[in-house]
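# Breakdown of the fold
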Amino acid sequence: MDSDLFCTDLIRRFGSHAAVDRVSLDVPAGTFFSILGPSGCGKTTLLRLLAGFDRPDEGDIHIRGQRMNEVPPNRRPVNMVFQHLALFPTMSVGDNIGYGLRRKKVPAAERSKRVARVLEQVGLPGLESRNPQQLSGGQRQRVALARCLVLEPTLLLLDEPLGALDLKLREQMKIELKHLQKAFGTTFVYITHDQSEAMVMSDQVAVMRNGQFDQVAPPETLYRAPETPFVADFVGDNNRLSGEVVGLQEGIAELLLASGERVSGKLAFPGLKVGQRANLFIRPESLMLTPAAATGYASLRASVTTTLFDGANSRVEAEASGQTLFARLPQDGSVGRVAPESAIDLSWNPQLATVFAEAGT
Amino acid sequence: MNASASRLSLCLLITPFALWILLLVLLPHLQMLRVSFQVRESWDTISWGVQQYQNFFSESYYWRTFLRTGLMSLFTTFLTLIIAFPIAWYIAKLARGRAKGLLFFACLIPFWASELVRTYGWMILLRESGLFSTWLQYLGFADGPVEMLYNDVAVIIGLVYNGLLFMLVPLVTTLEGMDDNLVEAGYDLGGNHFTVLREVVVPWAMPGVVSGSIVVFMLTLGSYLTPILMGGKDSAWFTGQIFTQFITRFNWEQGAALGVLLLVLSSVMVWLGLRLTGQSLRKVMG
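Residues numbered from 1 in each chain as written. Chains lettered and ligands numbered in written order. Predicted model: local features only at pLDDT ≥ 70, side-chain atom pairs only at ≥ 80, totals over all residues. Heavy atoms only, no water.

### Looking at the overall build of chain B
The helix and strand tally for chain B stands at 13 helices and two strands. C-alpha atoms of chain B, sized along the principal axes, occupy 80 × 75 × 35 Å. Within chain B, the fraction of its 286 residues that count as buried is 40%. The long-range share in chain B, meaning contacts at least 24 apart out of those at least 6 apart in sequence, stands at 66%. (Helix = DSSP H or I, 4+ residues; strand = E, 2+ residues; numbered from the N terminus. Buried < 20%, exposed > 50% of the residue type's maximum accessible area, 1.4 Å probe, protein only. Contact = heavy atoms within 4.5 Å.)

Structure follows, in structure tokens:
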């Protein structure tokens with residue numbers, strides 16, 4: 001597959017601080033690529049480099065094989081949906097969408113035809129004459145998308161456009177964005193700090209931290225096989241148990257916790273040695289509220305702090321070996337009442353837990 | 001009790017405003033309108049008529065000055081806008097922190113002095129024995145003293161200088177309220193500098209442009225000192241004629257008629273300006 005966006009060793013410095021630090025990426029045509037990271041990780045700077053509002057200090061940007069470093073934003077086959085959308089308030093919806101076509105000198109008759117068609121595609125037929133301020137948040141979102149998509153860009157950049165919407169609408173727009181991306185077949189580069197947005201919509205997710213990519217993978221790989229402790233911690237909910245490595249066999253590490261108990265999990269990387277400090281990450285939904293169900297399963301005694309009811313996301317908060325753990329509380333009747341301050345057994349399949357060496361050891 | 005108390009406070013708040021409108025705005029203008037239609041037949045008899053207005057149209061000097069004042073005010077307003085817009089853009093969008101405050105302050109400084117002093121400042125620079133003339137001779141660009149005062153260019157320089165701040169303030173305010181992403185979106189969707197300015201920035205700044213233009217136009221049309229001092233005896237300004245009628249000729253009837261005509265001109269121009277730009281007075285005046 002040919003790639004729509006190909007960057008090598010991009011660096012952008014502000015003073016001595018590198019906001020984007022040796023980022024390379026390769027986005028195949030027609031994919032939904034997300035860059036996920038906490039605020040201040042450099043993802044907005046990276047997006048502005050791609051749009052052309054800022055120039056990289058080092059490295060190259062290639063869009064569909066063409067080097068783009070010196071090309072100004074208005075000449076790049078790239079369009080951007082801004083965080084606050086930036087719809088032109090002095091123009092009607094139709095003029096907003098037609099703005100880019102007018103710049104391309106598309107004749108008026110064809111222009112209005114294309115505007116009408118793209119409005120239909122985003123589900124807002126016949127709203128050309130409306131003023132953007134008269135639309136709801138979700139409708140404005142779609143106009144902002146239509147304004148870019150009507151130009152048939154090679155690459156569409158989206159800068160956390162769902163941030164301003166309320167929760168319900170955001171959930172709805174997530175799915176809609178995914179469908180629109182499939183329908184148009186345009187390559188999307190989406191930046192967000194919301195891991196759920198990235199997981200639901202993307203084909204590939206790059207997790208960014210301190211100006212660098214920690215891991216680039218499909219959402220499921222990111223979730224099941226994180227490559228760094230940061231990814232394990234940042235993507236989805238996770239529990240962390242720290243201890244000392246006391247046993248290693250067949251890719252499974254055994255850890256001795258402060259309480260004297262031994263737990264086990266899969267090694268993320270080979271090379272860990274007995275005696276090193278390590279962290280074990282285990283997802284709340286991988287914890288079973290029963291004693292070890294099969295041989296080789298890890299188990300731990302914990303005391304319940306409280307139960308947190310949240311429908312399908314209900315959890316038990318418990319303490320084990322001086323560390324707080326969360327376990328999913330199934331709502332199908334398989335688990336009886338969990339009383340606060342009672343003792344429970346937590347067990348898990350070691351294949352579902354991941355062990356990383358502790359930083360600095 | 002509560003209702004009557006609030007009504008009382010409303011009355012107290014409105015009274016000064018009502019008095020001002022009535023005594024200082026409405027009454028003098030109505031009086032002026034009345035005087036403009038008086039025809040003095042002898043020292044103690046007065047009749048009604050439009051003789052003063054007929055004088056205005058039949059005496060070409062009057063209406064030519066009237067037209068010239070209107071056109072030059074329009075041109076001054078336009079020139080002020082052209083000069084003020086980049087300055088306002090710089091102050092609102094490019095200057096940061098302290099620099100922004102200092103720049104605004106610098107625009108305000110000239111207004112510490114009265115219009116008279118400001119105009120004399122220009123006269124010191126532009127007159128025959130002034131600074132510019134001396135420099136031109138010193139640098140060898142001129143053989144003798146150059147008179148740069150007492151022409152229309154000098155008048156317009158003075159008027160633009162007087163109006164600049166009143167154009168800057170509304171422009172900076174509207175431009176500051178503009179999201180920078182709008183400009184970026186303008187470029188991102190394929191616009192160049194000119195189209196982004198025409199399609200995105202100017203439409204956004206339009207309320208500021210119109211309100212600044214109205215204020216500068218009215219100030220220019222009604223200014224007296226600058227055109228008289230810098231224009232010399234050949235450069236006629238309509239306010240100068242009104243002054244002559246009232247003070248020199250003691251012809252209050254004619255002066256009042258000319259005053260009414262000036263008021264009509266400025267009202268019509270403001271109305272036209274609002275209509276042409278599609279703005280409403282309420283939106284423009286915030």
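### Structural notes on the pattern of salt bridges
Two side chains bearing opposite charge may form a pair once their charged atoms approach each other closely. Taken as a whole and judged by the stated rule, the model has 22 salt bridges over all chains. Across the pair aspartate 345 of chain A and arginine 301 of chain A runs a salt bridge, and its minimum N-O distance is 3.0 Å. Here the residue aspartate 345 of chain A occupies a position in strand 18 (residues 343–348), and arginine 301 of chain A occupies one in strand 15 (residues 298–308), the gap between them amounting to 44 residues. The partly exposed category is assigned to arginine 301 of chain A, whose relative accessible area is 45%. Through salt bridges with shared partners, a single ionic network connects Arg102 and Arg103 of chain A together with Arg198 and Glu199 of chain B. (Salt bridge = Lys/Arg side-chain N within 4 Å of Asp/Glu carboxyl O.)

### Side note on helix 1 (residues 2–36) of chain B
The end-to-end C-alpha distance of helix 1 of chain B is 49 Å, a good match for the 51 Å that 35 residues give at a rise of 1.5 Å each. If you look at helix 1 of chain B, its biggest bend is around 35 degrees, right at isoleucine 14 of chain B, and the proline proline 16 of chain B turns up within four residues after that. (Expected span 1.5 Å × (residues − 1). Bend = angle between axes of the 7 residues up to and from the residue.)

### Some remarks on the side chain of glutamate 199 of chain B
The residue glutamate 199 of chain B is located in helix 9 (residues 193–221) in this model. For glutamate 199 of chain B, a relative accessible area of 15% gives the class buried. Reaching out from glutamate 199 of chain B, the side chain makes a polar contact with the side chain of arginine 102 of chain A at a distance of 2.8 Å. (Polar contact = N/O pair within 3.5 Å; in protein donor to acceptor, adjacent residues only side chain to side chain.)

### Topic: the side chain of threonine 119 of chain B
Here threonine 119 of chain B shows up in helix 5 (residues 115–126). Side-chain polar atoms of threonine 119 of chain B contact the side chain of threonine 226 of chain B, separated by 3.5 Å.

### Some words on the interface of chain B and chain A
Contact with chain B, which involves 18 residues of that partner, is made by 22 residues of chain A. Each partner contributes to the roughly 1700 Å² buried at the junction of chain B and chain A, and carbon and sulfur atoms together form 59% of this total. If you look at where chain B meets chain A, you find three salt bridges. One salt bridge connects arginine 102 of chain A with glutamate 199 of chain B, and the closest N-O pair in it is separated by 2.8 Å. Our enumeration of links across chain B and chain A arrives at six residue pairs in polar contact (both at pLDDT 80 or more). Sorting the residues of the side of chain B that touches chain A by element identifies helix 8 (180–188) and helix 9 of chain B as the ones contributing at least two each. Split by residue class, the side of chain B that touches chain A holds eight nonpolar, six polar and four charged. (Buried area = accessible area lost by both parts, 1.4 Å probe. Nonpolar A, V, L, I, M, F, W, Y, C, P; charged D, E, K, R; others polar.)

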